[in-house]
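Now for the letters of each chain:
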Amino acid sequence: MLKDAKIENFDDLKIIIDKHRETPGCLMQIMQEAQQKYGSLPIEVQDMIANELNMPLTEIYGVATFYSLFTLEPKGEYNIGVCLGTACYVKGAQAIIDKISDKLGIKVGETTEDGKFTLEATRCVGACGLAPVMMINDDVYGRLQPKEIVEIIEKY
Amino acid sequence: MSFIRSQILVCAGTGCNSSGSATLIKDLDKELKKHSLSKEVEVIRTGCFGLCELGPVVIVYPEGTFYSRVTSEDIAELVEEHLVKGRVLTRLVYHETIGDNKTISINDIGFFKSQERIALKNCGIIDPENIDEYLAYDGYKALQKVLLEMEPQEVIDTIKGAGLRGRGGAGFPTGMKWQFTKNAQGDSKYVACNADEGDPGAFMDRSVLEGDPHALIEAMTIAGYAIGANEGYVYVRAEYPIAVKRLAIAINQARDYGLLGDNILDSGFNFTLDIRLGSGAFVCGEETALLNSIEGKRGEPRPRPPFPANKGLFGKPTVLNNVETFANIPSIIRNGSDWYSNIGTEKSKGTKVFALGGKINNTGLLEIPMGTTLREIVYEIGGGIPNGKAFKAAQTGGPSGGCIPSEHLDTPIDYDSLIQIGSMMGSGGLIVMDEDNCMVDIARFFLDFTCDESCGKCPPCRIGTKRMLEILEDICAGKGKKGDIERLESLAIGIKSSSLCGLGQTAPNPVLSTIRYFRDEYEAHINEKRCPSGVCTELLSFVVVEEACKACGICKKKCPVDAITGEKKVIHNIDQQKCIKCGACIEACPFDAIVKK
């Protein structure tokens with residue numbers, strides 16, 4: 001994941017924009033792919049999208065801040081998402097979050113100082129049969145108990 | 001020609017995938033190769049089978065043996081026993097399918113017996129990434145019938161006659177929606193599918209996309225023909241990567257087979273389908289917000305009227321239905337409207353898929369005729385509440401719905417009966433709660449959700465939900481005041497009647513329904529500063545059970561604020577003034593001698 005997107009990678013962004021330019025309502029697709037490329041949507045990236053599509057920057061920023069999956073700041077190397085869907089919640093997901101918070105010293109939405117972990121409370125991931133569930137990047141951990149947390153995090 | 005003597009179906013839905021089914025498939029392939037069985041035994045990855053609780057699920061045909069919670073370590077033994085020696089590996093067979101000395105067919109066990117599968121017809125049965133399997137199960141026959149034998153108006157009349165109502169929550173008659181869009185004036189029209197399944201605890205749309213994506217493609221093409229649209233969009237949550245991938249594969253296959261694109265089946269009808277990804281905004285499940293999002297804008301709802309049927313996507317007439325609604329269409333066309341309208345209740349026809357979760361033995365996905373009672377769902381299909389706990393409530397309709405208490409367990413479930421008892425169908429999440437769940441805390445949980453997801457466009461929802469949340473937080477924290485219940489009720493009525501879209505109009509429902517049925521819990525929190533279910537931490541105290549305490553000192557060492565006193569052989573005590581209720585002592589105590597009260 002690149003933390004400093006502004007320097008050399010504008011060419012890739014141009015390619016992404018050109019690919020979708022003619023599609024009606026292409027803005028979100030461009031932003032989704034740009035974020036995949038750069039890990040976040042820093043202001044330089046938004047600025048370039050605005051210029052290329054001839055749209056006001058405020059509109060790009062408005063979309064970027066409206067949707068929870070867009071992020072302006074780079075996230076940690078490992079993103080810990082604890083599902084806070086109803087099924088997970090009634091089965092004790094809050095205790096899982098508290099435990100992780102405690103272990104890493106960060107609150108929900110924060111990243112550890114070394115940039116290794118970001119903790120997020122996510123919307124229902126739909127694995128309700130395994131509740132409570134957390135994901136660390138693409139690895140899914142289900143039927144969790146607070147006492148398992150430390151061991152899992154230490155694997156990373 | 002090779003002869004396949006056995007097929008192994010492995011569920012590759014998100015639930016089972018999360019419990020490791022992808023690795024299982026690799027291990028199975030490896031093991032089969034080792035025994036040189038690759039040519040005679042076929043491994044098929046299917047969509048969700050429904051019983052997510054037992055995942056990963058593996059079914060071996062022709063016997064239909066149902067293995068549950070299979071792990072990689074089991075694979076070698078499973079292949080050796082079942083496929084080489086032909087003996088059922090009893091220790092992995094789902095216990096409910098074992099009767100007296102013989103295995104019972106999976107269709108006869110409690111979970112499946114009362115189900116009737118229409119929308120989920122092919123889920124868990126076919127390989128969703130292979131169009132030929134869909135075709136073999138009557139796939140695209142309905143499209144063929146529509147394009148070659150029916151006029152658009154006949155299609156709409158069939159859907160109207162079937163009595164199908166929208167499965168996304170509001171229950172609007174689908175045929176009428178199609179009729180309005182057909183009648184609307186416009187040089188181009190659109191078909192859109194709402195696959196932005198955001199209700200926490202609901203995952204039926206995802207399972208259809210993952211397990212039977214061609215059914216959606218077929219249905220949307222039929223809708224296009226009926227209303228006169230040549231373009232369609234499926235708006236899917238980005239949080240559903242497997243669903244997106246399988247849908248994309250299915251669209252490509254359909255295009256290659258001439259079932260999408262120009263001149264479909266030589267009928268002269270053209271239809272294309274595109275996928276648009278959401279980016280994590282619950283409000284985009286609201287139809288006008290969703291259309292804005294497809295257009296690349298902030299997903300804020302638009303005032304209605306004009307309704308999407310007249311002015312929808314890019315300002316053109318648009319039909320918008322959710323995945324489950326579409327999934328019913330091919331079966332209705334093939335079997336006729338009478339067949340469908342014979343299922344269900346007077347005003348709610350057909351079946352409904354529910355995602356059963358929470359404190360229930362069989363979590364998973366089930367499809368039942370409308371009119372089935374909650375009791376049947378919870379106790380027969382769901383297998384009851386685990387650990388001998390008592391049923392307290394079932395939550396339906398997600399953040400828009402309400403909690404149904406035990407006195408209404410025998411209500412036949414349909415759109416209208418649920419509204420009468422203060423909840424709603426919603427998209428079909430059904431979360432069971434037991435005596436350990438605090439209903440005030442659940443109301444707070446949902447308000448926290450809607451408050452966070454409110455788009456901010458209209459003040460009643462933006463500000464009103466925040467005020468309600470603050471009151472609920474106070475109540476849970478032991479700062480509840482006399483009159484809070486009435487304040488909540490009055491805010492709720494205001495928000496419901498003046499919000500712009502469905503999100504705000506229904507956001508107070510979880511609070512209203514819990515006040516209606518569990519007022520005593522609110523009162524206990526407010527008046528006695530007590531949480532009867534032992535959930536709201538601020539209202540609890542941690543105490544040592546003297547009879548169980550062995551005076552070992554472990555908890556004393558763990559306590560971060562030195563709130564625990566006691567020596568070796570002296571029963572320990574927790575100083576309530578110092579205690580910060582972190583729970584470290586409960587976790588540390590090897591004798592379970594500390595409890596929350």
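Cut-offs and rules
Residues numbered from 1 in each chain as written. Chains lettered and ligands numbered in written order. Predicted model: local features only at pLDDT ≥ 70, side-chain atom pairs only at ≥ 80, totals over all residues. Heavy atoms only, no water. pLDDT = per-residue confidence, 0-100. Helix = DSSP H or I, 4+ residues; strand = E, 2+ residues; numbered from the N terminus. Contact = heavy atoms within 4.5 Å. Buried area = accessible area lost by both parts, 1.4 Å probe. Salt bridge = Lys/Arg side-chain N within 4 Å of Asp/Glu carboxyl O. Disulfide = S-S within 2.5 Å. Buried < 20%, exposed > 50% of the residue type's maximum accessible area, 1.4 Å probe, protein only. Pairing = 2+ DSSP bridges. Phe/Tyr/Trp six-rings, centres within 6.5 Å; stacked < 30°, edge-to-face > 60°. Lys NZ or Arg CZ within 6 Å of the ring centre and 35° of its normal. Domains from an automatic or database assignment. Nonpolar A, V, L, I, M, F, W, Y, C, P; charged D, E, K, R; others polar.

This next bit is on the confidence of the model for chain A. Residues and elements named next belong to chain A. Taken as a whole, chain A shows an average pLDDT of 89; of its residues, 94% reach a score of 70 or greater. Mean pLDDT in chain A bottoms out at strand E4 (residues 139-141), which sits at 86, and peaks at helix H4 (residues 57-66), which reaches 96. Note on residues 1-7: pLDDT under 50 across the span, and nine contacts to partners over four residues away in sequence or across chains.

To continue, consider the interface of chain B and chain A. Contacts between the two partners involve 53 residues from chain B and, on the opposite side, 35 residues from chain A. Buried surface at the junction of chain B and chain A, both sides included, amounts to about 3400 Å², of which 56% is carbon and sulfur. Looking at the side of chain B facing chain A, the largest losses of area belong to B:Ser279, B:Arg298 and B:Phe445, adding up to 18% of the total buried there. Where chain B packs against chain A, one counts three salt bridges.

Right, let's get into the state of the cysteines. All names here are of chain B. Tallied over the full model, the rule gives zero disulfides over all chains. Cysteine 48 supplies the cysteine sulfur nearest to cysteine 123, a cysteine that is in no disulfide, at a spacing of 7.1 Å. With no disulfide of its own, cysteine 589 has cysteine 552 as its nearest cysteine by sulfur position, at a separation of 6.2 Å.

A word on the pattern of salt bridges. Per the stated rule, a full pass over the model turns up 43 salt bridges over all chains. Here A:Lys37 ties to A:Asp12 by a salt bridge, and the two come within 3.6 Å at their closest N and O atoms. On the criterion of sequence distance, the pair formed by A:Lys37 in helix H2 (residues 27-38) and A:Asp12 in helix H1 (residues 10-20) is long-range, its members being 25 residues apart. Residues B:Arg206 and B:Glu210 are paired through a salt bridge, measuring 3.4 Å at the closest nitrogen-oxygen approach.

Residue and element names in this part refer to chain B. Of all six residues that make up strand E6 (residues 231-236), five are buried, and the element is covered over most of its length. As defined by bridge partners, strand E5 (residues 190-195) adjoins E6 across six bridges and the pair is classed as parallel. Within E6, the residue paired with asparagine 194 across the bridge is tyrosine 235. Bridge count for E6 against strand E7 (residues 272-277) is six bridges, and the pairing is parallel.

Let us look at the packing of aromatic side chains. Counted by the stated rule, this structure contains 18 aromatic pairs over all chains. An angle of 20° between the planes, with centres 4.3 Å apart, marks the rings of A:Tyr89 and B:Phe445 as stacked. One end of the pair, A:Tyr89, is in helix H5 (residues 86-90); the other, B:Phe445, is in helix H17 (residues 439-453), on a second chain. Their ring planes at 50° and their centres at 5.7 Å tell us that B:Phe66 and B:Tyr94 sit as a pair that is tilted. Of the two residues, B:Phe66 sits in strand E4 (residues 65-67) while B:Tyr94 sits in the loop between helix H3 (72-84) and helix H4 (110-113), which places them 28 residues apart along the sequence. The class of B:Phe66 is buried, set by a relative accessible area of 2%. Judged by its relative accessible area of 3%, B:Tyr94 falls in the buried class. Among the aromatic side chains, those forming a connected cluster through ring pairs are B:Phe49, B:Phe66, B:Tyr94, B:Phe111 and B:Phe112. Over the ring of B:Phe354 we find B:Lys352, and its NZ or CZ is 5.8 Å from the ring centre.

When the parts of a complex come together, some accessible area is lost, and that lost area is often used as the size of the interface. All names here are of chain B. If you check the domain split of chain B, you get domain 1 (6-109), domain 2 (131-341), domain 3 (351-434), domain 4 (439-527) and domain 5 (541-596). A straight line from the C-alpha centre of domain 3 to that of domain 4 covers 22 Å. Per-residue buried area on domain 3 facing domain 4 is highest for Lys392, Pro399 and Cys403; these three make up 42% of the total on that side. For lysine 392, the salt bridge is made with glutamate 521, and the minimal N-O distance between the two is 2.7 Å. Looking at the side of domain 3 that touches domain 4, the elements with two or more residues in it are strand E11 (391-396) and strand E12 (402-405). Residues belonging to the side of domain 3 that touches domain 4 are distributed by class as follows: seven nonpolar, eight polar and two charged.

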